Amino acid sequence: MKKDIFNAFNLCRLQDVKVIIIGQDPYYLSTNLNGVEYPIANGLAFSVNPFVNIPSSLRNIFKELMSDLDVSEPTSGDLRLWAAKGVFLINMCLTVDPIHKAGSHGQIWKGFVLKAIKEILLYHLFYGVVSHRVSRLI
């Protein structure tokens, strides 16, 4: 939804950022609940709304956390609580054209997102091909 595009900034105050997780682009699918279409994505990298099954990319992140930090398996893919605790979850592309899908708006957002990331000098987790390319630009 349009109101969620800047959730990485709205839910995690930049002065409170402890770590940045960079994703590629938002999930473009929607789900139908009681005859109403709702987006899967909620404006944070890898995060989905609580009524959505956890996507495989996020499930892989959870598996690593469970293995490395001995935390219990999350029951939801909604990462808004992470954002509130200082995890800046930003996608390199903040919007996606549902027809052209992944990366369709990448060039539109690239400069903006890189500027935001450069303003936050922290540790970065580069997960996926696109974010690995970003690592060379920071």
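Residues numbered from 1 in each chain as written. Predicted model: local features only at pLDDT ≥ 70, side-chain atom pairs only at ≥ 80, totals over all residues. Heavy atoms only, no water.

Draft legend 1. Region of interest: the packing of aromatic side chains. With the rule as written, the count across this model stands at 8 aromatic pairs. Note on Phe62 and Trp82: the rings are 6.1 Å apart at their centroids and 65° apart in plane angle, and the pair reads as edge-to-face. Of this pair, Phe62 sits in helix H2 (residues 56-69) while Trp82 sits in helix H3 (residues 80-84), placing them 20 residues apart in sequence. The exposure class assigned to Phe62 is buried, which follows from its relative accessible area of 3%. One aromatic cluster is present, built from ring pairs that chain together Phe6, Phe9, Phe88, Trp109 and Phe112. (Phe/Tyr/Trp six-rings, centres within 6.5 Å; stacked < 30°, edge-to-face > 60°. Helix = DSSP H or I, 4+ residues; strand = E, 2+ residues; numbered from the N terminus. Buried < 20%, exposed > 50% of the residue type's maximum accessible area, 1.4 Å probe, protein only.)

Draft legend 2. Layout of unusual backbone geometry. Despite not being glycine, Asn34 shows a phi value in the positive range, around 55°. Mapped onto the elements of the fold, Asn34 is located in the loop between strand S2 (30-33) and strand S3 (36-39). Since its relative accessible area comes to 81%, Asn34 is described here as exposed. In this model, Asp70 sits at a positive phi of 55°, which is unusual for a non-glycine residue. Considering the arrangement of structural elements, one finds Asp70 in the loop between H2 and H3.

Draft legend 3. Representation of the nonpolar core in the model. Core analysis: the biggest nonpolar cluster contains 28 residues, and Ile20, Phe88 and Ile90 have the highest contact counts within it. Only strand S1 (19-23), H2, strand S4 (87-91) and helix H4 (106-119) provide two or more residues apiece to this core. Setting aside its immediate chain neighbours within four residues, Ile90 contacts Ala8, Phe9, Ile20, Ile21, Ile22, Gly23, Ala45, Val113 and Ile117. (Core = buried A, V, L, I, M, F, W, Y, C linked by side-chain atoms within 4.5 Å. Contact = heavy atoms within 4.5 Å.)

Draft legend 4. Main features of the side chain of Thr95. For Thr95, the position within the fold is in the loop between S4 and H4. At a separation of 2.8 Å, a polar atom in the side chain of Thr95 contacts the side chain of Trp109. (Polar contact = N/O pair within 3.5 Å; in protein donor to acceptor, adjacent residues only side chain to side chain.)

Draft legend 5. How the structure looks around the pairing of S2. One ladder, built from 4 bridges, connects S2 with S3; its direction is antiparallel. Counterpart to Leu33 in the pairing with S3 is Val36. The hairpin formed by S2 and S3 contains 2 residues between the paired strands, and Asn34 there has a positive phi angle of roughly 55°. (Pairing = 2+ DSSP bridges.)

Draft legend 6. Structural context of the pattern of salt bridges. As enumerated under the stated definition, the model contains 4 salt bridges in all. For Asp16, the salt bridge is made with Arg13, and the minimal N-O distance between the two is 2.7 Å. Owing to a relative accessible area of 35%, Asp16 belongs among the partly exposed residues under this scheme. Note that Glu73 is salt-bridged to Arg59, the shortest N-O span being 3.4 Å. In this pair, Glu73 is assigned in the loop between H2 and H3 and Arg59 in helix H2, connecting sequence segments 14 residues apart. (Salt bridge = Lys/Arg side-chain N within 4 Å of Asp/Glu carboxyl O.)

Read these as geometric descriptors, not functional statements.
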